[in-house]
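# Structural overview
Spelled out from the first residue to the last, the chains are:
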Amino acid sequence: MAPLLELPYDIQNVTPEEDKIIKKCLIGYTKPFVKCGKAGYVLPGSFKKQAEAIYNVQVRPDDIWVITYPRSGTTWTQEMVWLLENDMDFDSAKRSPLFERFPMLELTTQIPEVAFELIKINFMNLAHFQGLNQAVKCPSWKSLEDAPSPRLIKTHLPLSLLPPNLLNTAKVIYVARDPRDCMVSVYYLYKMVTRSLMRGTFAQFWEAFRRDLLPWMPIVSHANEAWEQRGHPNLHFMFYEDMLKDLPKMIRGVSAFLNRDYTDEQINKLAEHLTFSNLKKNKNVNNTAGDSEVQFIRKGEAGGWRTHFDAKMELQAEEYLNDRLRGLTLRYPTFEHDEEWSRL
Ligand code: A3P
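For the structure given in this document, a descriptive report is provided here. (Residues numbered from 1 in each chain as written. Predicted model: local features only at pLDDT ≥ 70, side-chain atom pairs only at ≥ 80, totals over all residues. Heavy atoms only, no water.)

### Let's talk about the overall build of the chain
- Helices and strands together make up the secondary structure of the chain, namely 19 helices and seven strands.
- Relative to its length of 344 residues, the chain is compact, with a C-alpha radius of gyration of 19 Å against a globular reference of 20 Å.
- If one aligns the C-alpha atoms of the chain with their principal axes, the spans along those axes are about 55 × 50 × 45 Å.
- For the chain, buried positions account for 56% of its 344 residues.
- Looking at the chain alone, contacts between residues at least 24 apart form 72% of all its contacts between residues at least 6 apart. (Helix = DSSP H or I, 4+ residues; strand = E, 2+ residues; numbered from the N terminus. Rg over C-alpha atoms; globule rule 2.2 N^0.38 Å. Buried < 20%, exposed > 50% of the residue type's maximum accessible area, 1.4 Å probe, protein only. Contact = heavy atoms within 4.5 Å.)

### Some words on the site of the ligand
- In the vicinity of the ligand there are 19 residues, among which T74, T75, S185, R298 and K299 approach most closely.
- At 3.0 Å from a nitrogen atom of the ligand is found a side-chain nitrogen or oxygen belonging to W76.
- G300 is positioned such that a nitrogen or oxygen atom in its backbone is 2.7 Å from an oxygen atom of the ligand.
- Summarising the interface, the protein chains cover 98% of the accessible area of the ligand, which totals 570 Å² for the free molecule.
- Taken together, the elements giving at least two residues each to the shell around the ligand come down to α3 (74-85), α14 (240-245) and α17 (276-281).
- Of the residues forming the shell around the ligand, the biggest block, three residues, is contributed by α3.
- Of the residues belonging to the shell around the ligand, the class tally is eight nonpolar, seven polar and four charged. (Near = heavy atom within 4 Å. Polar contact = N/O pair within 3.5 Å; in protein donor to acceptor, adjacent residues only side chain to side chain. Areas by Shrake-Rupley, 256 points an atom, 1.4 Å probe, with all protein chains shown as cover. Nonpolar A, V, L, I, M, F, W, Y, C, P; charged D, E, K, R; others polar.)

### Some words on the nonpolar core
- One finds W65, L105, F205 and Y332 to be the most contacted residues of the largest nonpolar core, which totals 119 residues.
- Top contributing element to this core by residue count: helix α11 (residues 179-194), with nine residues.
- Those residues in contact with W65 that sit more than four places away from it in its chain are V59, L105, I153, T155, L162, P163, L166, A170, K171, V172 and I173. (Core = buried A, V, L, I, M, F, W, Y, C linked by side-chain atoms within 4.5 Å.)

### Topic: the sheet that holds strand β4 (residues 64-68)
- The parallel open sheet is built from four strands, whose spatial order is β5-β4-β6-β7. In the strand order of this sheet, the two ends are held by β5 (152-155) and β7 (235-239), each with one partner. Within the sheet, the average angular offset between the axes of one strand and its neighbour, ignoring direction, is 20°.
- Bridge count for strand β6 (residues 171-176) against β7 is five bridges, and the pairing is parallel. Looking at β7, one finds that V172 is bridged to L235.
- Together, β4, β5, β6 and β7 form the strand contacts of α3, whose direction differs from that of β4 by roughly 165°.
- Strands β6 and β7 of the sheet are contacted by helix α15 (residues 247-257), whose axis makes an angle of about 170° with β7. (Pairing = 2+ DSSP bridges. Axes fitted to C-alpha atoms, helices over the stretch in contact; angles between N-to-C directions.)

### Focus: the pattern of salt bridges
- The final tally for this structure, using the stated rule, is 13 salt bridges.
- With a closest N to O distance of 2.7 Å, D63 and R151 form a salt bridge. One end of the pair, D63, is in the loop between α2 (47-55) and β4; the other, R151, is in the loop between α9 (140-146) and β5, and 88 residues separate them in sequence. Here the two residues D63 and R151 agree in accessibility, since each one is buried.
- A salt bridge links D212 to R324; the shortest N-O distance between them is 2.8 Å. Taken as a pair, D212 in the loop between α12 (202-210) and α13 (219-227) and R324 in helix α18 (residues 311-325) lie far apart in primary sequence, 112 residues in all.
- Shared partners join several salt bridges into a network, and the residues in it are D212, D323, R324 and R326. (Salt bridge = Lys/Arg side-chain N within 4 Å of Asp/Glu carboxyl O.)

### Notes on the sheet that holds strand β3 (residues 41-43)
- A sheet is described by the order of its strands in space; here three strands give the open sequence β1-β2-β3, paired in antiparallel fashion. With partners counted over all chains shown, the strands left at the sheet margins are β1 (11-13) and β3, one partner each. Averaged over all pairs of adjacent strands, the angle between their axes in this sheet comes to 30°, without regard to strand direction.
- Examined bridge by bridge, strand β2 (residues 34-36) and β3 share three bridges and lie antiparallel to one another. Bridging from a neighbouring strand, C36 pairs with Y41 of β3.

The following block contains the structure:
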């Protein structure tokens, strides 16, 4: 076995003030949240103990990794990649949940300490959501280490927190989405998961978001790390909004990246399987916690943030994006970046 690599980044607790802001939105976490590396990626305190094991996961040449900031179209892309990699076997796809066919690397590290115990004693019906039950029994990264090849792996961790040989070894697909829509979608996701226990308001989530204080943030650095590698032959970079615009074209791009050869008819059939309404109906993909009104596959639009942000938030969002994008070449197709601002 290769010796364990030391983490090249540090992990610090967030300040008590920051921890309060985060915990107004997220419940069940007892340890302080942490920030990782120079960019300060926010993660639950329990990430700290598992960070080294995750950084040392053995990457295999036939792995395919899908990396995103949450709510960027991960599930949509995973179902696409699974079918492209499995000869468009729609019947098998319908027989088992996507979270089993395409597991998430760091899932265990995200489970709130309180929920961890409750799931263990079978108290919360969250157990069937996204494989949390299994992730409580065995660390998610460990299950992946033991999984047979070829593996399909989902993660929300940015490249800098992942094994350093990832890009030179395996194929990676990165999907980015307008951060404002991600924010709205993240809010509804927490609402779905925590239901009546949720205390955080939309305004509190927005406050945490614009201060880069939700798990896996800062979102722009996250996307930019992949954007900077977009010329790498093992990295395929996509925007959610482009998938909305022309799904068959985006499927063809992923298929070529994976060296798969499909006819137009097959691509169109896959595009049909992947439409918003079909995925919403598909229980193995739309894995919603319990009987919540809000579903995992929710609206599927670009620009939905407009109906959620008031004038002040809209301005703050503009400032936030102009500021975070300053000095970068990354541009979101749905955000008109103020170039003047970037020269300030
Ligand atoms: P909304 O909450 O804005 O609707 P992830 O899988 O990364 O968590 O992303 C979830 C987001 O992708 C949700 O966004 C969900 O509705 C959207 N989504 C999932 N499948 C989709 C599809 N086929 N078409 C459009 N959007 C889709």
